[in-house]
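# Tertiary structure, described
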Amino acid sequence: MVTRRLLLQASALPLAAKPAVTLKFVFSRPYDNPRTQWLIKVYQDVCAISGVGFTFLDVPPRRATAMVLAGQADGELGRTFDYQDFFPGLIRLGEPNNAVNFCVYGAGPHAHFPGLDKLRLHKLRSECRRGIQELEALLGTHVDADNWSMIDDIGQGLRKLQIGRTDLYFDVQEAVDDYLAFRLCNSLPETPAVRQLATVLSTTGHCYLNRAHAAHAPKMSAALARLKHDGTVARYLQQSLQAYQQRCRPATSRL
C-alpha cells in the first residue's frame, strides 16, 4: 500500500526537465536494420546528455536527406564525412560515429579487381547500391556508362554477382559484412562464395543536422565522444547485432 509518507517523498524528488526542443531523426537504412537500432540507442543518449529530446522517423531511405533539407526532419543519423560536399546545407557533427570503408566484391574463384584506373580498360560490369553518392561518383568517373548500373538492395547486388550478371559489386563494408553474417536470415546461397576484393575508399560516418539546429552540434559531438570513450557506443552495437540475430534467425535453426 502506498503511504502518505511515500507520496510526500515522491513529490519531493526533482522532476526531469522537459527538453526545450525534440529533434526528429531519419536514417538511410530501414528501422529494423541492426545498425539503425544501434544509432537510435546511441543518439537517444547523445540527445539526453545534450538537453534535447529524440524521436526517430521511419522513412524510405532515399527520402531521408531530402526531408532534413526540407525541414521535415531535423537530422540524419549517419552519412560519410564527404557527404557535406554533396549537400552543403547540412551541418556535420565533428565527432564521427564510426570508421567507414567502401569495398568492392566479386563471386567465385576467378573474381578479380584490377584497380579503379583499369576498370574502363577491362570493361568489367560494375554495380553499386542506389543512393550512395560516393560510389555513384566513383563509378561514374572510372567506368563507361554502359558498364555500370545501380540496384536497390544489397541482396540483389550480391545475388547478381553469384549468377554472373555483374562482375563487381561496390558497397559499404559493414553493410555487406552484416548481410553475409546473417546469411540464414537473408536466404543468400552459399556458393559461389562472395569475396571482398579491395577497399576503394576509407572515411568516417557522422550525424548531420539541419542548419537550423547547428547550435546543438558542439554539445552533441562532445556527448558522443564521451559515450565512445566509456564503451557505451561499442556495447550498444554488440547488443543491436545480437538482438537482430535472435529476431531474424529461422525457426528451424533454433531447434
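These notes cover the structure that comes with them. (Residues numbered from 1 in each chain as written. Predicted model: local features only at pLDDT ≥ 70, side-chain atom pairs only at ≥ 80, totals over all residues. Heavy atoms only, no water.)

This part is about the overall build of the chain. Secondary structure assignment for the chain yields eleven helices and nine strands. Taking the principal axes of its C-alpha atoms as reference, the chain extends roughly 80 × 50 × 30 Å. The 255 residues of the chain split such that 45% are buried. Look at the contacts in the chain between residues 6 or more apart in sequence, and 74% of them connect residues 24 or more apart. In the form shown here, the chain has an accessible surface area of approximately 13,400 Å², with 55% of it arising from carbon and sulfur atoms. Distance from the positive charge centre (30 side chains) to the negative charge centre (23 side chains) of the chain: 7 Å. (Helix = DSSP H or I, 4+ residues; strand = E, 2+ residues; numbered from the N terminus. Buried < 20%, exposed > 50% of the residue type's maximum accessible area, 1.4 Å probe, protein only. Contact = heavy atoms within 4.5 Å. Areas by Shrake-Rupley, 256 points an atom, 1.4 Å probe, with all protein chains shown as cover. Lys, Arg positive; Asp, Glu negative; His and termini not counted. Charge placed at Lys NZ, Arg CZ, Asp CG, Glu CD.)

In the structure shown here, the tally under the stated rule is seven aromatic pairs. With centroids separated by 5.8 Å and ring planes inclined at 40°, the aromatic side chains of Tyr-31 and Phe-56 adopt a geometry described as tilted. Highlighted residues: Tyr-31 in the loop between strand E1 (22-26) and helix H2 (34-50) and Phe-56 in strand E2 (residues 53-56), separated in sequence by 25 residues. Of the residues examined, Tyr-31 reaches a relative accessible area of 41% and is grouped as partly exposed. Every member of this aromatic cluster is reached through a ring pair, and the members are Phe-25, Tyr-43 and Phe-54. (Phe/Tyr/Trp six-rings, centres within 6.5 Å; stacked < 30°, edge-to-face > 60°.)

With that settled, the discussion passes to the packing of helix H7 (residues 154-162) against helix H8 (residues 173-181). The N-to-C vectors of H7 and H8 enclose an angle of 75°; their axes lie 11 Å apart at closest approach. By the angle class used here, H7 and H8 are roughly perpendicular. The segment H7 lies against H8, with Ile-154, Gly-155 and Leu-158 engaging Ala-175, Val-176, Tyr-179 and Leu-180. Here the contact of H7 with H8 is composed, by residue class, of six nonpolar, one polar and no charged. (Axes fitted to C-alpha atoms, helices over the stretch in contact; angles between N-to-C directions. Parallel < 35°, antiparallel > 145°, perpendicular 65-115°, else oblique. Nonpolar A, V, L, I, M, F, W, Y, C, P; charged D, E, K, R; others polar.)

Take the pairing of E1 next. As paired elements, E1 and E2 share four bridges and run parallel to each other. What sits directly across from Leu-23, in E2, is Phe-54. Read from E1 through H2 to E2, the crossover connection turns out right-handed. Here two bridges tie E1 to strand E3 (residues 75-80), and the two strands are oriented parallel to one another. (Pairing = 2+ DSSP bridges. Right-handed = clockwise from strand over helix to strand, strands pointing away.)

The next point concerns the packing of H2 against helix H10 (residues 217-229). If you want to describe how two helices pack, look at the angle between their axes and the distance between the axes. The geometry of H2 relative to H10 is characterised by a closest axis approach of 9 Å and an angle of 125° between their N-to-C directions. With respect to their mutual orientation, H2 and H10 come out oblique. The interaxial crossing formed by H2 with H10 has right-handed handedness. Along the contact surface, H2 presents Val-42, Tyr-43, Asp-45, Val-46, Cys-47, Ile-49 and Ser-50, while H10 presents Lys-219, Met-220, Ala-223, Leu-224, Arg-226 and Leu-227. Residues belonging to the contact of H2 with H10 are distributed by class as follows: nine nonpolar, one polar and three charged. (Left-handed = near helix turned anticlockwise from the far one by under 90°.)

Examined bridge by bridge, E3 and strand E9 (residues 194-210) share four bridges and lie antiparallel to one another. Bridged to Arg-79 within E9 is His-206. Bridging between strand E4 (residues 90-92) and E9 involves three bridges; their strand directions are antiparallel. Among the inter-strand pairings, Ile-91 is bridged to a residue of E9, identified as Leu-209. Both strand E5 (residues 98-107) and E9 contribute to a ladder of ten bridges, which runs antiparallel. Paired with Asn-98 across the bridge in E9 is Gly-205.

Moving on, we get to unusual backbone geometry. Following Thr-191, the chain continues into Pro-192 via a peptide bond in cis, with omega recorded as -10°. In this model, Lys-123 sits at a positive phi of 55°, which is unusual for a non-glycine residue. When you line up the elements, Lys-123 lands in the loop between helix H5 (119-122) and strand E6 (126-129). On the basis of relative accessible area, Lys-123 is assigned to the exposed category, the value being 53%.

Across the nine residues that make up H7, a large majority, seven, are buried. Listed in full, the buried residues belonging to H7 are Ile-154, Gly-155, Gly-157, Leu-158, Lys-160, Leu-161 and Gln-162. With a side-chain oxygen lying 3.1 Å from the backbone nitrogen of Gly-155, the N-terminal cap of H7 falls on Asp-153. (Polar contact = N/O pair within 3.5 Å; in protein donor to acceptor, adjacent residues only side chain to side chain.)

Without other data, these values stay purely geometric and don't point to any function.
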